[in-house]
Structure formats: C-alpha cells, structure tokens
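Next come the chains, spelled out residue by residue.
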Amino acid sequence: MKAMLIDTTRCVGCRGCQVACKQWNGLPAEETVFFGGPGYQNPRDLSGKTWTLITYNEAQVGDHYDWVYGKLQCMHCQEPACAASCPTSAMEKLPEGPVVYHPNQCLGCRYCMLACPFQVIRFDWFSANPYVSKCTMCADRVLSGQEPACVKACPTDALVFGDREVLIAEAHHRIEDNPRKYVHHVFGEHEVGGTCVLHLSTVPFELLGYRSDLPEKSLRRWTEPAMKPIPYIVVALSLALGGVAWIVNRRDKRLVEKWTKQVKEMQ
C-alpha cells in the first residue's frame, strides 16, 4: 500500500504543493481576505476549491519563536470512516492507498463529513449542483505508477511517496538520528487504525492544527454497525409508504365511485 510522508521540519511554506494540486485537479483559484492570526496563510481553510493547505503557525522552537508549517489534506485512512458511513459506496478505499470519491454515486447526505475524524471533507455550498470534495492523493497518477502532484512539486523533499511500511521505518529512523529535532511520534501511524498520510514535526502536532485526541482503533467499529441497517430501513419505509399510498388510493377510488353512483341516482 502506498503512502505519503510529510516532514514538516523540511517545509519552507512555499505552497508549491497547493498550486500543483490545483493545476492537476483543475481546481479554480479562490478570492481570499486577510483574517488576522497567521496572516501569511492563504486561504483560511480547506474548501471545495482547495484540497490541500499549508498552514502557517508561529510556535516556540527551541529557545526562540519561529514559523512552523502544517499540511492539511485527506489522511487516506486504512479503514476510512467516510467509506464505512456512505450508504451508496460513493467513497472507496483503493488497495493502492488512496480514498477516492465517486460523485455520480453520491446522494448528498454528507454522512462522510460527519464521520471523518480529521474533518477534511468539504461541501461545495456555492455550487448549483453541489458535491462533497477532498484530496484524492492523485489516484489517477498513483494507479499509473506516478507520485501525487504535490509530492512531485515539493522543492525540499518535505513530501516523500512510497510504500507505507518503508516510510514508517524511514520516519522512525529520522527521529532516532535527530531526537532533539523531532517529536517522538509519527502522526498517522496508529491514529484511527492508521493512515496513508504520515507526519513528522518539531513541535506538538496540535500546534499545527492536527487532532491529538484520536483513538488508535478504527472508527469503522462505530460507523459500520450504524450504517448496515440503513438499506433495510429504506426498503421497509418504502414498503410501508407504498402500502399507505395503496390504501389511500383505494379509499379515494371507492369514494369517487360512491359519489358518482349517488350523482347518477339523483339524475
């Protein structure tokens, strides 16, 4: 299974990955405004038009304050809660690693947004025909043996693409070689059953906007049991509503026949 290793200590905040993501996926630019705080960050958050985002965070690094960068995007969980919660299989986990979205199968229920533990799936509120959207890890490139566009564009090798187990070993090797440089944790190795996007950092991950309160076990143990009865509930409701409609139509037909008979008798 393929994965991506993001070493935020090597990121210089150039946002080349953001541009490459938009170019490869045909995503339009966004009109942005200054919103205070990390003022260099642009845009403010992920959206239907922005699938990956470099976050600017000022934090204490050693004995001084400096900019540290994070990269928000779909984490491509090994057991994605979004796919388990989708009643139409619009979200699919590929054996190669990416979690892809099939808009032609989407009902617009947005259960995937509620299920996502990393809160990266976005709804295109401003579209006349809205869908949800997220990073696909450039599945079309991955399936043809190429690396994702963001990895290809990174000038500092902050992004590395390869086999998941190899990248996990590489991440631990970097921590062992520079124990004072890195937080001694590979974010994504165990979170919610493990993800195919792994992170290294020099500051606590919550300072980069990542969730640090996630369990190690997959969330599918909650989403899957909740979603399995849905098809049966839909069928049962359809049959019940169909039965009610049949009874109502039958009653109305009898009333019409009764009134017609009465009118004929009056004539």
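Our subject is the structure listed above.
Residues numbered from 1 in each chain as written. Predicted model: local features only at pLDDT ≥ 70, side-chain atom pairs only at ≥ 80, totals over all residues. Heavy atoms only, no water.

A.B. asks: Looking at this model, I keep getting lost on the environment of Val99. Mind explaining?
C.D. replies: Mapped onto the secondary structure, Val99 falls in strand E5 (residues 99-101). As for Val99 and Met75, which are separated by 24 residues in sequence, their C-alpha atoms are 8.7 Å apart. Each residue touching Val99, except ones within four places of it in the same chain, is listed here: His76, Cys77, Pro80, Cys82, Glu92, Lys93, Lys134, Cys135 and Thr136. (Helix = DSSP H or I, 4+ residues; strand = E, 2+ residues; numbered from the N terminus. Contact = heavy atoms within 4.5 Å.)

A.B. asks: Sorry, what's going on with the pattern of salt bridges here?
C.D. replies: Where charged atoms from two side chains of opposite charge approach closely, those side chains can pair. According to the stated counting rule, one finds seven salt bridges in the structure shown. For Arg164, the salt bridge identified is with Glu165, shortest N-O distance 3.8 Å. The class for Arg164 is buried, based on a relative accessible area of 5%. Beyond isolated ion pairs, a larger network of salt bridges with shared partners links Asp7, Arg10, Glu170 and Arg174. (Salt bridge = Lys/Arg side-chain N within 4 Å of Asp/Glu carboxyl O. Buried < 20%, exposed > 50% of the residue type's maximum accessible area, 1.4 Å probe, protein only.)

A.B. asks: What should I look at first to understand the side chain of Arg141 in this one?
C.D. replies: With respect to the helices, strands and loops of the structure, Arg141 is situated in helix H4 (residues 139-143). Looking at Arg141, its side chain comes within polar contact range of the main-chain oxygen of Glu147, at 2.6 Å. (Polar contact = N/O pair within 3.5 Å; in protein donor to acceptor, adjacent residues only side chain to side chain.)

A.B. asks: Looking at this model, I keep getting lost on the packing of aromatic side chains. Mind explaining?
C.D. replies: Centre distance and the angle of the planes are the two values used to describe a pair of aromatic rings. In this structure the tally under the stated criterion is nine aromatic pairs. With a centroid separation of 5.8 Å and 75° between ring planes, the pair formed by Tyr56 and Trp67 is classed as edge-to-face. One end of the pair, Tyr56, is in strand E2 (residues 53-61); the other, Trp67, is in strand E3 (residues 64-72), and eleven residues separate them in sequence. Since its relative accessible area comes to 29%, Trp67 is described here as partly exposed. Consider the rings of Phe123 and Trp125, whose centres lie 4.7 Å apart with planes at 70°: the pair is edge-to-face. Classification of Phe123 as buried rests on a relative accessible area of 13%. Following the ring pairs from residue to residue traces out a cluster consisting of Tyr40, Tyr56, Trp67 and Tyr69. (Phe/Tyr/Trp six-rings, centres within 6.5 Å; stacked < 30°, edge-to-face > 60°.)

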